[in-house]
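Architecture at a glance
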Amino acid sequence: MRRIKIAAVLSAALLTSALALIAAPAAQADDFDNLFSEQACNENWGGSSFKFHIWYNSGQNGSFRNVGSAVYDFNSLRPGDGHAYPLKFCNFGASSPWPGSGQNIKNNAASGENDHYKYTARVFFYSGYKGAQDVMAPYQHIDQFRNVYNNNASFQWTS
């Protein structure tokens, strides 16, 4: 009986480790896309395959970033190279930069828009999809975040 229990515990531990290894590359791939894809700074929001848009200023103004997948921590995306990078607003306006250009998104966003036809967009106060949140149904925007205005740390799609 004791051997069966030990075997069960070891099997569960191995399964958990294997699942963690399988899930990690997917998260890193998402972080890579959110950091480096051309879609992230595509000014044609309707034409972007990244369906969540986050802005530096209220009313969908200033610099923005298109986000395609969940972001566990806006300040620590891991694209698979062993380093962590902050997600930043896109740089626009070479001679006269748009407000927020190049600044970190974490704790700097004021508004957002969900262009997805199916999924709900959630912006959270804390990293790890925790704390207060602002929620946007499909095709909804928020001109000024009520719960995470300039205090935003993560983003997640939900159904």
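Now for a look at the structure at hand. Values in this document were obtained by computation on a predicted structure and should not be read as measured data.

**Looking at the overall build of the protein**
Helix and strand counts for the protein come out as 1 helix and 7 strands. Listed N to C, the secondary structure of the protein is α-β-β-β-β-β-β-β in terms of helices and strands. When burial is assessed residue by residue, the protein has 33% of its 159 residues classed as buried. Contacts in the protein between residues far apart in sequence, at least 24 positions, make up 62% of those at least 6 positions apart. Of the roughly 8900 Å² that the protein leaves accessible, carbon and sulfur atoms contribute 55%.

**What about the packing of aromatic side chains?**
Two descriptors summarise a pair of aromatic rings, namely the distance from one centre to the other and the angle between the planes of the rings. Going through the model one piece at a time under the given rule, you end up with 12 aromatic pairs. Judged by centre distance (4.3 Å) and plane angle (15°), the ring pair of Phe52 and Phe155 falls under stacked. Of this pair, Phe52 sits in strand S1 (residues 52-57) while Phe155 sits in strand S7 (residues 154-158), and the two are 103 residues apart along the sequence. Residue Phe52 is classed as buried on the basis of its relative accessible area of 0%. When its relative accessible area of 0% is taken as the criterion, Phe155 is described as buried. Aromatic rings pair up to connect Trp55, Phe64, Phe92 and Trp98 into one cluster.

Cut-offs applied
- Residues numbered from 1 in each chain as written.
- Predicted model: local features only at pLDDT ≥ 70, side-chain atom pairs only at ≥ 80, totals over all residues.
- Heavy atoms only, no water.
- Helix = DSSP H or I, 4+ residues; strand = E, 2+ residues; numbered from the N terminus.
- Buried < 20%, exposed > 50% of the residue type's maximum accessible area, 1.4 Å probe, protein only.
- Contact = heavy atoms within 4.5 Å.
- Areas by Shrake-Rupley, 256 points an atom, 1.4 Å probe, with all protein chains shown as cover.
- Phe/Tyr/Trp six-rings, centres within 6.5 Å; stacked < 30°, edge-to-face > 60°.

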